[in-house]
Amino acid sequence: MFDSSIRTLVVVGAQWGDEGKGKLVDVLAEGCDWVVRYQGGANAGHTVQIGEESTVLHQVPSGILHPGVHCAIGNGVVLDVESLFAEIDALTQSGVVVDGRLHVSDRANLVLPYHKLVDKESAASRAIGTTGRGIGPAYEDKVARRGVRVLDVRHPARLRSLVEAGTMHANRILEGFGSAKRADADYTLSALAEIAPRLLAMSKDVGLTVHTAQKSGATILLEGAQGSLLDVDHGTYPFVTSSSTTAGGAAIGVGIGPRSIDAALGVVKAYTTRVGAGPLPTEFDEAMSEHVRKLGNEFGATTGRPRRCGWFDAVVVRYAVRVNGLTALAVTKLDVLDTLDRIALCTGYEIAGEVMEHFPGDIAVLDGITPRYEWFDGWRTPTGGARRVDDLPVNARRYLDRVEELCECPIRYVSVGTRRDQIIGTG
Ligand code: GDP
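Residues numbered from 1 in each chain as written. Predicted model: local features only at pLDDT ≥ 70, side-chain atom pairs only at ≥ 80, totals over all residues. Heavy atoms only, no water.

A. How the structure looks around the environment of Met-1. Its place among the elements puts Met-1 in the segment before strand E1 (8-13). Note on Met-1: relative accessible area 16%, which makes it buried. As a C-alpha pair, Met-1 and Ala-263 span 262 residues in sequence and 8.8 Å in three-dimensional space. Once residues lying within four places of it in the same chain are set aside, the contact partners of Met-1 are Ile-6, Leu-9, Leu-28, Leu-265, Ala-328, Arg-412 and Tyr-413. (Helix = DSSP H or I, 4+ residues; strand = E, 2+ residues; numbered from the N terminus. Buried < 20%, exposed > 50% of the residue type's maximum accessible area, 1.4 Å probe, protein only. Contact = heavy atoms within 4.5 Å.)

B. Spatial organisation of the sheet that holds strand E11 (residues 263-269). Ordered by their spatial adjacency, ten strands build an open sheet running E9-E7-E5-E2-E10-E1-E11-E15-E19-E20, and the pairing between neighbours is mixed. Of all the strands in the sheet, just strand E9 (203-204) and strand E20 (423-425) have a single pairing partner and so form its edges. With five bridges joining them, E1 and E11 adopt parallel strand pairing. Within the sheet, the bridge partner assigned to Val-10 lies in E11 and is Ala-264. Against the sheet, helix H12 (residues 394-407) touches strand E15 (328-332) and strand E19 (411-415), its axis set at about 140° to E19. (Pairing = 2+ DSSP bridges. Axes fitted to C-alpha atoms, helices over the stretch in contact; angles between N-to-C directions.)

C. Up close: the pairing of E1. Of all six residues that make up E1, six are buried, and the element is covered over most of its length. Burial of the side chains of E1 extends over both faces: Thr-8, Val-10 and Val-12 are buried on one face and Leu-9, Val-11 and Gly-13 on the other. Sheet topology note: the E1/strand E10 (residues 220-223) ladder contains four bridges and is parallel. Bridging across to E10, Val-11 finds its partner in Glu-223.

D. Spotlight on the nonpolar core. Counting 59 residues, the largest nonpolar core has Leu-84, Leu-102, Leu-110, Leu-199 and Leu-265 as the members making the most contacts within it. For this core, the element with the most residues is helix H7 (residues 185-202), which contributes seven residues. Not counting chain neighbours up to four residues away, the residues in contact with Leu-199 comprise Leu-79, Val-81, Phe-85, Val-104, Leu-110, Val-150 and Val-153. Counting residues in hydrophobic clusters, the runner-up holds 57 residues, among them Ala-213, Leu-222, Val-321 and Leu-406. (Core = buried A, V, L, I, M, F, W, Y, C linked by side-chain atoms within 4.5 Å.)

E. The arrangement of the site of the ligand in detail. Around the ligand there are 17 residues in total, and Gly-20, Lys-21, Gly-22, Asp-335 and Ser-415 lie nearest to it. In the model, an oxygen atom of the ligand is placed 2.8 Å from a nitrogen or oxygen of the Gly-20 main chain. Between an oxygen atom of the ligand and a main-chain N or O atom of Lys-21, the distance comes to 2.7 Å. Alone, the ligand offers 570 Å² of accessible surface; in the complex the protein occludes 92% of this. Contributing elements (two or more residues each) for the shell around the ligand: helix H1 (21-29) and strand E3 (46-50). Sort the elements by how many residues they give to the shell around the ligand and H1 lands first, with three residues. (Near = heavy atom within 4 Å. Polar contact = N/O pair within 3.5 Å; in protein donor to acceptor, adjacent residues only side chain to side chain. Areas by Shrake-Rupley, 256 points an atom, 1.4 Å probe, with all protein chains shown as cover.)

F. Representation of the packing of aromatic side chains in the model. Across all of its chains, the model carries seven aromatic pairs by this definition. For the ring pair Phe-284 and Trp-311, a centre distance of 4.8 Å and an interplane angle of 90° mean the geometry is edge-to-face. Residue Phe-284 is found in the loop between strand E12 (272-274) and helix H10 (286-296), and its partner Trp-311 is found in the loop between strand E13 (308-310) and strand E14 (312-313); the two are separated by 27 residues along the sequence. The class of Phe-284 is buried, set by a relative accessible area of 10%. (Phe/Tyr/Trp six-rings, centres within 6.5 Å; stacked < 30°, edge-to-face > 60°.)

G. How the structure looks around the layout of surface pockets. Of the volumes computed, that of the second largest pocket is approximately 290 Å³. What lines the second largest pocket is a set of 14 residues, and nearest its centre among them are Asp-80, Glu-82, Pro-113, Lys-116 and Ala-191. Elements that contribute at least two residues to the lining of the second largest pocket include exactly helix H2 (81-93), helix H3 (113-121) and H7. Of all the elements, H7 adds the most residues to the lining of the second largest pocket, at five residues. Across the lining of the second largest pocket, the residue classes tally to ten nonpolar, no polar and four charged. (1 Å grid on protein atoms, 1.4 Å probe; cavity = no way out; pocket = protein on both sides within 12 Å on 5 of 7 lines; lining within 4 Å. Points joined across faces, edges and corners; volume = space filled by probe spheres on them. Nonpolar A, V, L, I, M, F, W, Y, C, P; charged D, E, K, R; others polar.)

H. View of H1. Counted residue by residue, H1 has nine buried out of nine residues, so it is predominantly covered. Of the positions making up H1, those classed as buried are Lys-21, Gly-22, Lys-23, Leu-24, Val-25, Asp-26, Val-27, Leu-28 and Ala-29.

I. Representation of the pairing of E15. Burial runs high along E15: five of the five residues are buried. Because side chains alternate across E15, one face comprises the buried residues Ala-328, Ala-330 and Thr-332, and the other comprises Leu-329 and Val-331, equally buried. Where E11 meets E15, five bridges bridge the pair, whose relative direction is parallel. Directly across from Val-267, in E15, lies its bridge partner Ala-330.

J. Here's a closer look at the packing of H3 against helix H6 (residues 156-177). H6 packs onto H3 with a crossing angle of 10° between their chain directions and a minimal axis gap of 10 Å. Taken together, the axes of H3 and H6 are roughly parallel relative to one another. Between H3, through Tyr-114, Leu-117, Val-118 and Glu-121, and H6, the contact on the second element is made entirely by Leu-162, Val-163, Gly-166, Thr-167, Ala-170, Ile-173, Leu-174 and Phe-177. Tallied by class, the residues present in the contact of H3 with H6 amount to nine nonpolar, two polar and one charged. (Parallel < 35°, antiparallel > 145°, perpendicular 65-115°, else oblique.)

This is the structure in structure tokens:
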């Protein structure tokens with residue numbers, strides 16, 4: 001993807017998350033100087049497969065697995081320090097050098113124990129299908145100007161008053177829920193005191209660091225978490241995450257100007273999945289869902305939750321192409337469809353005799369629609385060994401050509417297996 005005109009690239013999920021961004025970022029990171037996360041928290045779970053080993057990364061950018069690549073966590077992320085350190089320790093134990101290569105924005109808001117408590121006790125969080133890791137409450141505090149940032153950890157008196165105010169607010173919420181649980185400011189403060197030296201040693205002005213790297217001509221990959229349809233503004237609200245997952249969020253969440261991002265790659269599965277509640281217009285019936293879930297191992301990397309599955313929805317991806325300004329697509333998990341006799345693509349939604357081609361802002365509209373499908377003969381040939389487009393069965397190529405056409409965006413990569421080498425570059 002990188003060349004003389006593309007130096008800063010953002011990679012986003014163009015469906016409901018779990019598209020295989022981890023693998024794409026891992027492959028692209030090889031030619032990169034920096035990989036930077038810009039939103040989300042420890043609720044993201046990128047699975048990357050190296051040889052026979054599979055590693056799940058929640059907060060550390062997957063570029064860390066490539067020696068020489070620098071990684072950063074931007075201000076748009078809400079940082080769970082305890083879980084970050086556990087991840088770093090696990091990586092270090094498996095031989096990955098993290099020290100000096102991972103930087104954390106001093107403007108990032110922290111996920112604190114009281115955020116997790118509120119999230120766990122919240123029936124609303126459960127109804128929306130959140131991971132219960134305190135991400136939503138931490139973002140709420142951020143927007144309400146009640147958050148605690150990494151840089152506050154440098155100032156013990158300020159930190160105490162922020163944590164006390166945050167704890168009081170959390171306790172009022174817990175009381176409102178009818179929960180008997182209460183948060184304790186001293187508990188949070190002593191946990192923070194313990195982690196402070198290690199955290200502060202990694203913290204810096206990430207926006208400035210990335211800007212400086214850009215000026216020196218470095219190649220920079222901005223790594224999104226979740227997917228476009230989970231974006232707090234552009235997703236299937238209220239069944240969304242608490243941050244801006246789309247490409248625009250990258251500029252804000254790293255602290256660089258939008259014009260300094262040269263290209264946007266959208267990762268999509270060759271079908272569709274989503275976790276938790278909310279609309280999924282092309283959802284399979286239960287038997288087919290179970291079949292594809294098994295074929296694609298569609299269980300959450302963070303939670304183990306079974307994912308809901310459906311046909312590829314070109315309405316959704318066309319929408320993602322638009323709101324992200326995607327310059328290319330990467331289609332993953334094509335191999336999962338290898339054994340199917342027939343494969344469908346959703347080209348539009350039918351409602352009251354009309355065809356809707358654009359994804360609606362009001363998800364209630366989706367209740368009344370019927371997806372319009374185009375059917376393709378399956379290829380019934382393993383694709384895992386393909387390394388060039390020409391190696392793919394003709395029916396698979398036909399399917400991909402139509403995806404490209406309907407989504408109005410060129411396909412730049414096709415992934416045909418979990419391993420790093422199982423990828424086809426089409427450019
Ligand atoms: P992410 O959050 O977008 O990185 O997605 P996840 O890591 O949650 O899910 C992607 C899963 O799909 C991981 O288990 C990957 O190993 C796997 N995966 C990625 N690309 C492919 C592919 O082309 N084929 C198959 N079969 N699995 C893939």
